[in-house]
Amino acid sequence: MCRGRIVFFVFYIILVTFHINFAQPIDIQIGSKSILYPFAGGLKNPVFSQIEWNGDVYEDLFIFDKASELTFVYLFSEEKNEFVYSPNSEVNIRCHQWALSRDFNGDNVPDIITLDGPTQNARVIIYEGRETVLGETIIDEKSVSYFVGIADEQGSFADPLILPITSNFEVVDLNDDTHLDLLVFTSDEQSLQSFENLSVFIGDYLLFQKTSDCFGYFRKVFNENKIIINPQLAACPESRKTHLVHGGSSVSAADLNCDKKPDLLIGDGLDGNLFLLTNESTVPFHWMTDIQPNFPLPSAITPTWASGYPLIHSKDSIISIIVTNNNVRTGTTSGVVKKFTNIGDNCTPSYVLQTQEFLKEDMLSVGVASKATFFDYNMDNLPDLVIGSHNIDNNGIFFSSLTLIENKGQDRFEIVDKDWLGLSTSDWIKGGRVSPAFGDLDGDNLLDLLIGDGYGNLHFLRNKTFFGDTVQTFSDPITNYYNIFTGLNCVPLIHDFNDDGLNDIIISKWKPGILLFKNLGNRQQPMFISDTNNSANQIVYTDVFVNQNSDKINTFISKFEYNSEDHFIFGFRDGRIESYHLEEDAGSYIFRKSFTIDSSNFMGINSTPFVYKSENGTMSIWVGNESGGFRLLQNNLSNIKNNNDINIKYYPNPFDEYLILQGFTNVDQVLLIDLFGNRMEIEVKIDYDSIQFDTSNILPGIYFVYLRSSDKNLCVKVVKL
């Protein structure tokens, strides 16, 4: 390209609107039984709130899952006498780390309290009312948000309330004034602090005032599965330690013995014990006089970080107990939602274990970090589903697996093997987070299997299927394939990115960057060089990553075809889903946005989307998440239109000092980044649809210009001389 020559480039971005599918026409079965809500999203570390949600007389369930940060609403059905999943009732809100639903302003409309992600400040979202849509009563999305502030002795704002990351909090009326107060663990998690709700709003804050540093007069004992109380003296037991006891404490409050006083369920972060602390005080004073460990039964104990929640039957008001695992990182993935049904009454309860997978048993859920792709394992010309994930045993040990789900046709699937190829007993998969990818690497027209793992290793299994076989089979793995190592969380994709007839390897990984490994062999014998700095390979930094604020970004990549072109769909740690196509530009490969996927709803932490096209032409995006479940987005391909075309001109390119872009309006963000993803500090002038870059302070080289508005993104490659 000649110096001084003005070149115009025109780009087109297609806006594609997807919606969460509520009818869920895709049927997934275990044996002959259909999974009731396969695309609810999965449960791993659920937090339960019981509140009347839809304006009838029955209390419903609001659930927040700590692992995926998804929310769920289950409405109580009088006809079925049980809770029924109601995705239409969910509010489009992003909660962080912990969330409860309560009515903070007494208007009989549920509100939500959660943590503000960047600040750890408690935040209350107050909803203004309900509305009726298609005959259903749902929460109106109009809301007002307040941070939680701590008041001084005079009732004036003093500080924001910063909540611990590992422990939870409880919201309950402690003094019978109809206002909801707070119970929060101290920073060392030895005792509870109580905060009275002043019902005073100052600016962006709802004010609470501390009333106790040792609510209930009990203390957890350092490094022991033990709680001590001091009921006679009504004073806090003496502490022998001043640092963290053990993270992961939990608290719930409910009257569990008919005396109209809030008892406490205290979960311990050391070994998963749940304690019942009985409250025999009078309002406004509270102290605990009795301790029952292993509540409600010894089988309630979880390996780590137990949490307990009262579950009131919406008809007869009998209180049962839900026990969950509160440990996102290493908590077990089996028996994570235990329901202990009360077969007695509320004054003299008697509990029995009813199920270890309450609600989860009605979902498609495969463990942790579900990543799926299609592969016709039985050669019937129907794409079957292979899901990579890992589970965690009671000792915190990871074991990986591939779940095989057979496509029976007519959008009906059946789970046929939960440990396909026997990965759970292998010793070569490290760090869980199994990511499968299929493609022909040795030129025999059979699809081989690449598996990436959580430690960043890549493994190869050659397809060894013979003529006459009824199912496809694979050889033993070649581990650490060509010594390719990518760092944490290797997610491979097999694709011929340079159109030389040889399949190459594309890998997305934990930290920003997509690695392209060029196949230097031939059709019968592939060859790859592991060194990412080798000229045959490339690290791609484009607008896939520049809008991120952290270097610890999980990405997932899969491929689909539309209009005879390959497109790549990305999932991100923050739940975004975006689609790109890969272009070559002067020897470099660039991912440029092709589809803006407007899903309007958060799809879960570490979203892992892949595209499935059914026999009737409907394109679905199945989105996995950190909790091991899936949610479903659907769109009919015939509805895709170029209704958001972007006509961009930028010149000169190459340039000396100034670069001008025209045709991009309502710009929210403008960035110039180098090949390593570093943002350049430059002067930018924006005048409606014209943007001028002053690059006098940066060195010559290759850069990417990234533009973002509310409904479109653009990334272009430029060269400074």
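Residues numbered from 1 in each chain as written. Predicted model: local features only at pLDDT ≥ 70, side-chain atom pairs only at ≥ 80, totals over all residues. Heavy atoms only, no water.

Caption draft 1: Inspection of the sheet that holds strand S3 (residues 27-30) at higher detail. Sheet architecture is open: six strands sit in the order S4-S3-S33-S32-S31-S30, paired in mixed fashion. Because the sheet does not close on itself, it has two edges, and the strands there are strand S4 (33-34) and strand S30 (368-375). The pairing of S30 with strand S31 (residues 384-392) spans six bridges and is classified as antiparallel. Considered in S31, the bridge of Phe 375 is made with Asp 384. (Pairing = 2+ DSSP bridges. Helix = DSSP H or I, 4+ residues; strand = E, 2+ residues; numbered from the N terminus.)

Caption draft 2: Expanded view of unusual backbone geometry. Looking along the chain, the bond that leaves Phe 295 and enters Pro 296 is cis, with omega of -5 degrees. Here Pro 296 lies in the loop between strand S25 (288-292) and strand S26 (306-312). Cis geometry is found at the peptide bond from Asn 653 to Pro 654, where omega equals 10 degrees. Summarising the element assignment, Pro 654 is placed in the loop between strand S48 (649-651) and strand S49 (658-662). Positive phi, normally seen in glycine, also occurs at Glu 69, with a value near 60 degrees. Topologically, Glu 69 is positioned in the loop between strand S6 (60-65) and strand S7 (71-77). The exposure class assigned to Glu 69 is buried, which follows from its relative accessible area of 9%. The backbone of Tyr 217 sits at a positive phi, close to 55 degrees, despite the residue not being glycine. Note that Tyr 217 resides in the loop between strand S19 (205-212) and strand S20 (218-220). Residue Tyr 217 is classed as partly exposed on the basis of its relative accessible area, which comes to 22%. (Buried < 20%, exposed > 50% of the residue type's maximum accessible area, 1.4 Å probe, protein only.)

Caption draft 3: Broad picture of the side chain of Ser 370. Assignment of secondary structure puts Ser 370 in strand S30. Classification of Ser 370 by relative accessible area gives buried; the value is 0%. A polar side-chain atom of Ser 370 sits 3.2 Å from the main-chain amide nitrogen of Asn 625. (Polar contact = N/O pair within 3.5 Å; in protein donor to acceptor, adjacent residues only side chain to side chain.)

Caption draft 4: Summary view of the sheet that holds S26. The four strands lie next to each other as S26-S27-S28-S29, forming an open sheet whose pairing is antiparallel. Of all the strands in the sheet, the pair left with one neighbour each is S26 and strand S29 (351-355). Adjacent strand axes in the sheet meet at a mean angle of 30 degrees when their direction is disregarded. In terms of strand pairing, strand S28 (residues 337-342) meets S29 through four bridges, oriented antiparallel. Within the sheet, the bridge partner assigned to Lys 339 lies in S29 and is Thr 355. (Axes fitted to C-alpha atoms, helices over the stretch in contact; angles between N-to-C directions.)

Caption draft 5: Looking closely at the state of the cysteines. Per the counting criterion, the structure on display carries two disulfides. Between the sulfur of Cys 258 and that of Cys 347 lies a disulfide, 2.3 Å long from S to S. Here the S-S torsion is close to -95 degrees, and the disulfide linking Cys 258 with Cys 347 is therefore left-handed. Of this pair, Cys 258 sits in the loop between strand S22 (250-254) and strand S23 (263-267) while Cys 347 sits in the loop between S28 and S29, placing them 89 residues apart in sequence. By sequence order of its bonded cysteines, the chain has the disulfide arrangement 1-2, 3-4. (Disulfide = S-S within 2.5 Å.)

Caption draft 6: Looking closely at a nonpolar patch on the surface. On the surface, Phe 157, Val 200 and Ile 202 cluster together into a nonpolar patch covering about 210 Å² of accessible area. Relative to the elements of secondary structure, Val 200 occurs in strand S18 (residues 192-202). (Patch = residues over 30% accessible without salt bridge, like charges linked within 9 Å, V, L, I, M, F, W, Y side chains within 5 Å. Areas by Shrake-Rupley, 256 points an atom, 1.4 Å probe, with all protein chains shown as cover. Salt bridge = Lys/Arg side-chain N within 4 Å of Asp/Glu carboxyl O.)

Caption draft 7: Spotlight on the pairing of S3. In terms of strand pairing, S3 meets strand S33 (residues 412-417) through four bridges, oriented parallel. In the sheet register, Gln 29 faces S33, and the bridge partner there is Glu 414.

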